[in-house]
Amino acid sequence: MNKLIKIPLYIIAIFAIGMISGHFTFKVLSFSRTVTVPDLRGKDMVDANDILRKKGLYMRLEGENYDPYIPQGYIIRQDIPPKNSVKEGREIKVVLSKGPKIRYVPDVVGQPLEVAEAILKEKGIRIGKVLYVHSDKVVKNIILAQRPETNEKGGDNFSVIVSLGDFEK
């Protein structure tokens, strides 16, 4: 009868010791400080690294991508959004800008819009903005002007002015 009481008592004691030690382990691990993640977008690597170090965080470069708005060498995005709370000592992964994709653009002035789109698509350029104006000298749907201009270095922003033809009365 004595053995029947001892075995469950040992099991209960081991379980209680496990629970207590687990509780204290959790408490010790949760004592590490939490910090708010800063916004690193648009900052260069040196400034961003300084900001993170002051908060007890670290930076890890995750890669580079083209960006038409953020200059080369500046941060485009980070893996943990700004204002989130993280434990001190955490790594923040960042992606740097390679700047805009620079390419020389072909001349599409005088071309119908559909033909110009095909020519530009072949070069990896997409028309971002189309402005339509009336012209008494050029027929409808013909490109009057482009930006960037011919053989000028251009980014991802390509705009054209297209004729609507003469005013109809």
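Here is what the cut-offs are and how they apply
- Residues numbered from 1 in each chain as written.
- Predicted model: local features only at pLDDT ≥ 70, side-chain atom pairs only at ≥ 80, totals over all residues.
- Heavy atoms only, no water.
- Helix = DSSP H or I, 4+ residues; strand = E, 2+ residues; numbered from the N terminus.
- Buried < 20%, exposed > 50% of the residue type's maximum accessible area, 1.4 Å probe, protein only.
- Pairing = 2+ DSSP bridges.
- Axes fitted to C-alpha atoms, helices over the stretch in contact; angles between N-to-C directions.
- Contact = heavy atoms within 4.5 Å.
- Salt bridge = Lys/Arg side-chain N within 4 Å of Asp/Glu carboxyl O.

Asks: Lay out the overall build of the protein with the relevant residues and their values.
Replies: Within the protein, the regular secondary structure consists of 3 helices and 10 strands. In the protein, the succession of helices and strands from N to C terminus is α-β-α-β-β-β-β-β-α-β-β-β-β. In terms of principal-axis extent, the alpha carbons of the protein reach across some 110 × 40 × 30 Å. Buried positions account for 25% of the 169 residues belonging to the protein.

Asks: Describe in detail the sheet that holds strand 10 (residues 158-163), supporting the description with residues and values.
Replies: The sheet built from 3 strands is open, its strands ordered 7-10-8 with mixed pairing. For this open sheet the edge positions go to strand 7 (127-133) and strand 8 (143-147), each flanked by a neighbour on one side alone. Mean inter-strand twist for the sheet, computed between neighbouring axes without regard to direction, equals 20°. Of the strand pairs in this sheet, strand 7 and strand 10 are connected by 6 bridges, and their pairing is parallel. Bridging across to strand 10, Val 133 finds its partner in Ser 163.

Asks: Describe the sheet that holds strand 3 (residues 75-78), listing the residues and the values that go with them.
Replies: Ordered by their spatial adjacency, 3 strands build an open sheet running 2-5-3, and the pairing between neighbours is mixed. Each edge of the sheet is formed by a strand with only one pairing partner; in this case those strands are strand 2 (58-65) and strand 3. When strand polarity is set aside, the average angle formed by the axes of neighbouring strands in this sheet is 30°. The strands that helix 2 (residues 45-54) touches are strand 2, strand 3 and strand 5 (91-97); relative to strand 2, the one it contacts most, it runs at about 150°.

Asks: Describe the environment of Gly 73, and please don't skip the residues or the numbers.
Replies: Positionally, Gly 73 belongs in the loop between strand 2 and strand 3. If sequence neighbours within four positions are ignored, Gly 73 has contacts with Asp 44, Met 45, Leu 96 and Ser 97.

Asks: Mind laying out the pattern of salt bridges, listing which residues take part and the relevant values?
Replies: Under the definition given, this model contains 5 salt bridges. In this structure, Arg 60 engages Glu 91 in a salt bridge whose closest nitrogen and oxygen atoms are separated by 3.4 Å. With Arg 60 in strand 2 and Glu 91 in strand 5, this residue pair connects regions lying 31 residues apart in the sequence. Under the relative-accessibility criterion, Glu 91 is labelled partly exposed at 36%. Across the salt bridge formed by Glu 149 and Arg 147, the nearest N and O atoms sit 3.5 Å from each other. Look at Glu 149 and you get partly exposed, because its relative accessible area is 42%. A residue is classified by how much of its surface remains accessible, and Arg 147, at 48% relative accessible area, is partly exposed. A single network of salt bridges, built from pairs that share partners, joins Arg 60, Glu 62 and Glu 91.

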